[in-house]
2 protein chains.
Amino acid sequence: MEKTFHLNDILGLPDRFRRNLLNGIHGYKGAFLIGTKNINGYSNLAIFSQVIHIGANPPLVGVLFRPDSVERHTLENIRQTGEFSLNHVHSGIYKQAHQTSARYEMNQSEFIECGFKEEFIEPYKAPFVAECKIKCMLQFVEEHLFSINNTRLIIGKISLLRLPEDILSEDGFPSVEKADSVASCGLDSYFTGHKLGRLSYAKPGIEPHVFD
Amino acid sequence: MEKTFHLNDILGLPDRFRRNLLNGIHGYKGAFLIGTKNINGYSNLAIFSQVIHIGANPPLVGVLFRPDSVERHTLENIRQTGEFSLNHVHSGIYKQAHQTSARYEMNQSEFIECGFKEEFIEPYKAPFVAECKIKCMLQFVEEHLFSINNTRLIIGKISLLRLPEDILSEDGFPSVEKADSVASCGLDSYFTGHKLGRLSYAKPGIEPHVFD
């Protein structure tokens with residue numbers, strides 16, 4: 001049996017049901033911890049899943065920020081310092097990572113409250129998460145406001161990328177499965193990924209095959 | 001052993017290596033087939049993974065388009081008709097779904113070339129993918145140009161959502177694992193997801209627990 005929701009049905013749903021449904025139907029997403037520092041030296045750490053690849057050359061990443069949420073400390077810090085770190089959540093730390101979404105005060109560090117260790121790589125001031133295996137440092141480039149619901153996309157340029165050597169294949173593909181990165185779905189679900197396959201470059205008239 | 005890439009290292013990488021690396025480090029993403037029709041009635045189907053949740057009320061979805069790619073047919077059709085369908089790729093069709101990224105001509109339908117069946121739901125003109133279990137119809141709302149690399153984000157409003165009743169939990173969360181939706185990573189990798197858990201709403205001082 002299928003269930004169909006028209007726009008009016010969706011708008012009429014109880015808030016929590018609608019939030020779970022609409023966040024969930026976007027399927028799997030990455031799960032990332034974003035580390036920042038404000039100009040007074042306070043560290044902040046928050047979990048994000050709305051992260052998109054904007055480009056490879058130059059290397060650009062987009063992060064979506066919702067209005068009036070716990071994410072605002074992160075956004076304020078990026079505006080103040082122009083810097084943020086992006087760290088892959090793996091299955092060993094997914095509960096602590098989820099806990100960073102609690103509403104801590106500006107002077108409470110989620111690193112301490114949720115049990116993570118700060119790691120610094122010169123010359124950057126924003127903290128990385130020592131427990132994470134795949135991590136990037138990003139420099140603020142652009143901010144776009146989507147006026148329809150006041151969300152904002154922050155675009156950053158990758159200035160440093162660090163990852164375990166043994167997850168990197170010869171052609172540059174990093175195995176997020178070997179790195180044990182998790183996928184998230186909706187607001188509260190976490191998953192490990194199991195490879196179906198890497199597929200050959202698609203050309204008209206030729207069936208794609210699994211090469212790895 | 002860890003490997004570190006600074007910005008200059010990234011910029012100096014061979015194109016293919018850089019593309020694989022930079023696309024891959026965004027971790028897991030959803031995999032979606034977007035169905036459109038142009039004003040002359042030709043159908044188009046293309047695989048996308050850069051899809052983000054913009055909001056639940058109103059229900060808004062963002063799709064990122066790269067410049068000068070095979071995705072351009074989809075973008076042109078959305079501009080012409082204001083309509084597109086978003087269909088979850090599942091493990092039974094992931095190879096055919098990947099095949100839609102081949103460079104077919106405007107008058108070739110990927111539905112026919114890649115072996116999918118068109119499905120129409122009144123009053124919408126854009127085709128759904130009959131083989132997919134989770135599907136949405138979207139109406140064009142906004143287009144944003146990111147001038148730094150000429151990518152574009154198209155924001156659409158969900159006018160219809162259809163999914164199997166038995167994947168929907170009481171609180172509205174749709175189990176993409178039960179629906180067998182796949183995750184993608186980079187340009188060519190596909191994965192199934194295995195649930196670690198749904199975690200309780202995070203509150204300061206209280207450890208999150210798995211409730212499902």
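These numbers were taken from a predicted model, which means no experiment stands behind them.

The next subject is the overall build of chain A. The helix and strand tally for chain A stands at 5 helices and 13 strands. Taken over the C-alpha trace, chain A has a radius of gyration of 19 Å; the compact-globule value for 212 residues is 17 Å, and the two agree within 12%. Principal-axis analysis of the C-alpha atoms places the extent of chain A at approximately 60 × 50 × 30 Å. A burial count over chain A gives 61% of its 212 residues as buried. Of all intrachain contacts in chain A linking residues separated by at least 6 positions in sequence, the fraction that spans at least 24 positions is 58%. Put simply, chain A shows about 8400 Å² of open surface, and 48% of that area lies on carbon and sulfur atoms. A distance of 2 Å separates the average location of the 22 positive side-chain charges in chain A from that of its 25 negative side-chain charges.

In terms of nonpolar packing, the biggest core is built from 72 residues, with Leu21 of chain A together with Leu21 of chain B touching the most fellow members. Among residues more than four places away in sequence, those in contact with leucine 21 of chain B are Leu161, Leu163, Leu168, Gly172 and Pro174 of chain A together with Phe5 and Leu13 of chain B.

All right, on to the side chain of histidine 53 of chain B then. Along the chain, histidine 53 of chain B turns up in strand β5 (residues 51–56). Residue classification places histidine 53 of chain B among the buried positions, given a relative accessible area of 2%. Contact partners of histidine 53 of chain B, with chain neighbours within four places excluded, come to Leu22, Asn23, His26, Gln50, Leu64 and Arg66 of chain A together with Leu60 of chain B.

Now for the side chain of asparagine 77 of chain B. On the secondary structure map, asparagine 77 of chain B appears in helix α3 (residues 72–81). Not counting the four nearest positions on each side in its chain, asparagine 77 of chain B is found in contact with Thr36, Lys37, Asn38, Tyr42, Asn44, Gly82 and Met106 of chain B.

This brings us to the sheet that holds strand β13 (residues 189–198) of chain B. The strand order β2(A)-β12(A)-β13(A)-β13(B)-β12(B)-β2(B) describes an open sheet built from 6 strands, whose pairing is antiparallel. One side of each edge strand has no neighbouring strand; the edge strands of this open sheet are β2 (29–30) of chain A together with β2 (29–30) of chain B. Judged from the 4 bridges that link them, strand β12 (residues 182–185) of chain B and β13 of chain B form a sheet pairing that is antiparallel. Within β13 of chain B, the position partnered with alanine 183 of chain B by the bridge is phenylalanine 191 of chain B.

A separate point is the relation of the copies chain B and chain A. Both copies of the chain are related by one operation, a rotation about an axis with a shift along it. Mapping chain B onto chain A leaves a residual RMSD of 0.0 Å; the transformation is a rotation of 180° accompanied by 0.0 Å of translation along its axis. Such a combination of turn and shift is consistent with a two-fold rotation axis. A shared interface surface links the copies, since 100% of the contact residues of chain B are contact residues in chain A too.

Turning next to the confidence of the model for chain A. Of all residues in chain A, 98% attain a pLDDT of 70 or more, and the chain-wide mean is 95. The complex prediction reports pTM at 0.97, with the ipTM value standing at 0.95.

Taking a probe equal in size to a water molecule and rolling it over the atoms shows the remaining empty space. Scanning the model with the defined rule gives 2 cavities of 30 Å³ or more in all. Contributions of two or more residues to the lining of the largest cavity are made by β2 and β5 (51–56) of chain A together with β2 and β5 of chain B. Class assignment for the residues of the lining of the largest cavity results in 7 nonpolar, 8 polar and 2 charged. In this structure, the second largest cavity spans a volume of roughly 40 Å³. Residues of the lining of the second largest cavity, tallied by class, amount to 5 nonpolar, 5 polar and no charged.

Residues and elements named next belong to chain A. Scanning all chains against the criterion turns up 6 aromatic pairs over all chains. Ring geometry for tyrosine 28 against phenylalanine 191: centres 5.0 Å apart, planes inclined by 85°, an arrangement best described as edge-to-face. On the criterion of sequence distance, the pair formed by tyrosine 28 in the loop between α2 (15–24) and β2 and phenylalanine 191 in strand β13 (residues 189–198) is long-range, its members being 163 residues apart. Note on tyrosine 28: relative accessible area 2%, which makes it buried.

Accessible area lost during the coming together of the parts is what is often quoted as the interface size. Each side of the interface is counted separately: chain B has 108 residues, and chain A has 108 residues. Summing both sides of the interface, chain B and chain A together bury roughly 9600 Å²; the carbon and sulfur share of this comes to 63%. By the criterion of area lost to chain A, the three top residues of chain B are His26, Tyr28 and His53 of chain B, representing 8% of everything that side buries. Here chain B is connected to chain A by 4 salt bridges. The tally of links from chain B across to chain A stands at 46 residue pairs in polar contact (both at pLDDT 80 or more). Among the residues forming the side of chain B that touches chain A, the class breakdown is 54 nonpolar, 33 polar and 21 charged. By the bridge criterion, 5 bridges tie strand β1 (residues 2–6) of chain A to strand β11 (residues 151–164) of chain B in an arrangement that is antiparallel. Note that in β11 of chain B the partner of glutamate 2 of chain A across the bridge is proline 164 of chain B.

The element helix α2 (residues 15–24) of chain B is extensively covered by neighbouring structure, given that 7 of its 10 residues are classed as buried. Looking only at α2 of chain B, the buried set comprises Phe17, Arg18, Asn20, Leu21, Leu22, Asn23 and Gly24 of chain B.

The rules behind these values
Residues numbered from 1 in each chain as written. Chains lettered and ligands numbered in written order. Predicted model: local features only at pLDDT ≥ 70, side-chain atom pairs only at ≥ 80, totals over all residues. Heavy atoms only, no water. Helix = DSSP H or I, 4+ residues; strand = E, 2+ residues; numbered from the N terminus. Rg over C-alpha atoms; globule rule 2.2 N^0.38 Å. Buried < 20%, exposed > 50% of the residue type's maximum accessible area, 1.4 Å probe, protein only. Contact = heavy atoms within 4.5 Å. Areas by Shrake-Rupley, 256 points an atom, 1.4 Å probe, with all protein chains shown as cover. Lys, Arg positive; Asp, Glu negative; His and termini not counted. Charge placed at Lys NZ, Arg CZ, Asp CG, Glu CD. Core = buried A, V, L, I, M, F, W, Y, C linked by side-chain atoms within 4.5 Å. Pairing = 2+ DSSP bridges. Least-squares fit on C-alpha atoms with pLDDT ≥ 70 in both. pLDDT = per-residue confidence, 0-100. 1 Å grid on protein atoms, 1.4 Å probe; cavity = no way out; pocket = protein on both sides within 12 Å on 5 of 7 lines; lining within 4 Å. Points joined across faces, edges and corners; volume = space filled by probe spheres on them. Nonpolar A, V, L, I, M, F, W, Y, C, P; charged D, E, K, R; others polar. Phe/Tyr/Trp six-rings, centres within 6.5 Å; stacked < 30°, edge-to-face > 60°. Buried area = accessible area lost by both parts, 1.4 Å probe. Salt bridge = Lys/Arg side-chain N within 4 Å of Asp/Glu carboxyl O. Polar contact = N/O pair within 3.5 Å; in protein donor to acceptor, adjacent residues only side chain to side chain.

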